[in-house]
Structures are given as C-alpha cells and as structure tokens.
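Listed below are the residues making up each chain.
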Amino acid sequence: MDCLRGCDYILHAGDISSQKILDQLEQIAPVKVVRGNNDKEWAEHLPLNLDFNLGGLRFYMTHKKKDLPKDLNDYDLVIYGHSHQYAETWLAPVGRKRTFLLNPGSCGPRRFIQPITMTILTVDDGGWIAKRIDIPHSSKEFAPKVDDRDIHRQIEIVVKETQKGQTVETIAKKHKLDPALVEQIVRLYVTHP
C-alpha cells in the first residue's frame, strides 16, 4: 500500500476479490479497474475491458490476454492480468509507434508460489517508465515437498477429484497429499483448465 501513496491513479487488471479492496484503493487514488474471472456477483458492475487516456497515453486494459483486440497499434500501453505472473513485451513497431504489453503480476495474497509483484508507471514530458516492484512475502511460506517421480500422478488425481467437486481438504486427506500442493493444483486447474 505504501508504494501506491502518491500515485495519481491506480490501475487494476482484475481478480480484486472484494469491494472492500476497491474501497481501500479508492482512498488512495482514483481507480481504473476491470473485472477478473474470480470476481463474482459483487463485481458484475465492473467492465470487462477499458479503453482510456491518461497522461497523454492511450491505454487498453482487460483481465485475460486472450480477450485483447487483434489490432493494438492505437495503444501505447496494454495491461492485462489473469496469470498472476509478471510479464512485459514490446510489440513490433508500426511506423514510429510501439505498443507495450504489461501484466503487472499479483500484489495480493501469494498464489502458486509466484513472486508478488506490481508495477509503478511514471509518466512525464520525456516519456514514461514502467518499474517492476517485487513485494516481499512471508518467510514462513515454503514450497511443499513433492516426489518428482510421482508429481504427474498426483496432478491427475487432484484434477479428477476436483472435477468430482471434492474440496482441497478432502482430496489431501483421502490421498495423503500435502494440502498446500493440492490447493495449488486446484487453483491452477480452476483458473487454467
């Protein structure tokens, strides 16, 4: 939250989780936000994509990269989320114009043992700079121990049980698997089937 203080705007590419988070962000700066696939009924009023101008730059924002328009040449910056993994790419220039694609990652609770990240975008008369911010996570977190020889079978079991509607706790207990590993497999399967 300290990184956001002093920002003129906050851009959020979805999977906000609750109106409470949006309310907290609005206390810091105006928020431009799109709805993510994990934002359920409470977020139905949020748009799926946004096309807007800020600081002399044209932005396009959506949650899933696959939902981006085919032609992005009119945009300076394109922001997306969904994978919760930081990524940045320059599209091939068209004339003198270049488009920057950015997934700032996820700065909420740590997911899938990925880094917790966000981006601070600084715009001035000389142009703009996107700076990746890595947010430290709890030192208590650890990766579950996994038998590499058996991981494929464990994933198959968890996916089949998830398809049957079983909970993480039930799957872990029934198959004597690490609950943290089961949760990660379920989350990956649910968000990226």
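Remember, it's a predicted structure, so these values are computed and weren't measured experimentally.

Enquirer: It is not clear to me how the packing of helix H2 (residues 151–163) against helix H4 (residues 179–191) should be interpreted in this structure. Could you clarify?
Expert: The relative placement of two packed helices is expressed as an angle between their axes plus a distance between the axes. In the contact formed by H2 and H4, the axes pass within 10 Å of each other and the chain directions differ by 65°. Pair H2 / H4 crosses with right-handed handedness. Contact with H2, carried on its side by Ile151, Gln154, Ile155, Val158, Val159, Thr162 and Gln163, involves Leu181, Val182, Ile185, Val186, Tyr189 and Val190 of H4 and no other residues of that element. Tallied by class, residues from the contact of H2 with H4 come to ten nonpolar, three polar and no charged.

Enquirer: I keep staring at H4 and nothing clicks. Help me out?
Expert: Helical geometry: 3.6 residues make up each α-helical turn, so side chains three or four residues apart lie on a common side. For H4, which comprises 13 residues, the first-to-last C-alpha distance of 18 Å matches the rise-based estimate of 18 Å (1.5 Å per residue) to within 8%. Every buried residue of H4 is accounted for by Leu181, Val182, Gln184, Ile185, Val186 and Thr191. Where H4 is buried, its residues meet H2 and helix H3 (168–175). Looking at where H4 begins, the residue whose side-chain oxygen comes 2.7 Å from the main-chain nitrogen of Ala180 is Asp178.

Enquirer: Would you mind going over the side chain of His84 with me for this structure?
Expert: Within the element layout of this structure, His84 appears in the loop between strand E5 (77–79) and strand E6 (87–90). Take His84: its relative accessible area is 8%, and that puts it in the buried class. Within the local environment of His84, its side chain forms a polar contact with the side chain of Asp15, the two groups lying 2.9 Å apart.

Enquirer: Quick question: what am I supposed to make of the pairing of strand E4 (residues 57–62) here?
Expert: A regular strand carries its side chains on alternate faces of the sheet. Of all six residues that make up E4, five are buried, and the element is covered over most of its length. In terms of strand pairing, strand E3 (residues 49–54) meets E4 through six bridges, oriented antiparallel. Along E4, the bridge assignment pairs Asn49 with Thr62. Remark: two residues form the turn of the hairpin made by E3 and E4, two consecutive strands paired antiparallel; Gly55 in that turn has positive phi of roughly 55°. Relative to E5, E4 runs parallel, the two sharing three bridges. Looking across to E5, one finds that Tyr60 is bridged to Val78.

Enquirer: How do you make sense of the sheet that holds E4 when you look at a structure like this?
Expert: The strands making up a sheet are joined through hydrogen bonds of the backbone, oriented either antiparallel or parallel. Reading across the sheet, the five strands line up as E3-E4-E5-E7-E6 and stay open at both edges, with mixed pairing between neighbours. Two strands bound the open sheet, and with one partner strand each, they are E3 and E6. Strand after strand, the sheet turns through a mean of 15° between neighbouring axes, direction not considered.

Enquirer: Honestly, H2 in this entry has me stumped. Any pointers?
Expert: Counted at 1.5 Å a residue, the expected span for H2 with its 13 residues is 18 Å, and the 18 Å between its end C-alpha atoms agrees. Those residues of H2 that fall on the buried side of the exposure criterion are Gln154, Ile157, Val158, Val159, Glu161 and Thr162. Downstream of H2 by one or two residues, Gly165 has phi in the positive range, about 90°.

Enquirer: How should I be thinking about the pairing of strand E7 (residues 100–103) in this particular structure?
Expert: Here E7 shows no split at all, with Phe100 and Leu102 on one side and Leu101 and Asn103 on the other all buried. Looking at chain direction, E5 and E7 are connected through three bridges and run parallel. If you follow Ile79 over to E7, its bridge partner there is Leu102. Bridge count between E6 and E7: four bridges; the pairing is antiparallel. In the sheet register, Thr89 faces E7, and the bridge partner there is Leu101.

Enquirer: Any chance you could explain unusual backbone geometry here in plain terms?
Expert: With glycine set apart, most residues show a phi of negative sign, and most peptide bonds adopt trans. A positive phi angle, near 60°, is found at Asp15, a position not held by glycine. Checked against the element boundaries, Asp15 lands in the loop between strand E1 (10–12) and helix H1 (19–26). The backbone of Lys176 shows a phi angle near 55°, a positive value even though the residue is not glycine. Given the relative accessible area of 76%, Lys176 is considered exposed.

Enquirer: Looking at this structure, I do not really get the packing of aromatic side chains. What am I missing?
Expert: The geometry of an aromatic ring pair comes down to the distance between the two centres and the angle between the two planes. Tallied over the full model, the rule gives five aromatic pairs. Arranged with centres 5.1 Å apart and planes meeting at 5°, the rings of Phe52 and Phe59 form a pair that is stacked. The class for Phe52 is buried, based on a relative accessible area of 6%. Considering the side-chain rings of Trp90 and Phe100, the 4.9 Å spacing of their centres and the 50° angle between planes classify their relative orientation as tilted. You can see Trp90 sitting in strand E6 and its partner Phe100 sitting in strand E7, a full ten residues away along the chain. A residue is classified by how much of its surface remains accessible, and Phe100, at 3% relative accessible area, is buried. Aromatic ring contacts, followed pair by pair, group Trp90, Phe100 and Trp128 into a single cluster. In this structure, Lys32 is placed above the aromatic ring of Phe52, and the distance from its NZ or CZ to the ring centre is 5.1 Å.

Scoring rules and cut-offs
- Residues numbered from 1 in each chain as written.
- Predicted model: local features only at pLDDT ≥ 70, side-chain atom pairs only at ≥ 80, totals over all residues.
- Heavy atoms only, no water.
- Axes fitted to C-alpha atoms, helices over the stretch in contact; angles between N-to-C directions.
- Helix = DSSP H or I, 4+ residues; strand = E, 2+ residues; numbered from the N terminus.
- Left-handed = near helix turned anticlockwise from the far one by under 90°.
- Contact = heavy atoms within 4.5 Å.
- Nonpolar A, V, L, I, M, F, W, Y, C, P; charged D, E, K, R; others polar.
- Expected span 1.5 Å × (residues − 1).
- Buried < 20%, exposed > 50% of the residue type's maximum accessible area, 1.4 Å probe, protein only.
- Polar contact = N/O pair within 3.5 Å; in protein donor to acceptor, adjacent residues only side chain to side chain.
- Pairing = 2+ DSSP bridges.
- Phe/Tyr/Trp six-rings, centres within 6.5 Å; stacked < 30°, edge-to-face > 60°.
- Lys NZ or Arg CZ within 6 Å of the ring centre and 35° of its normal.

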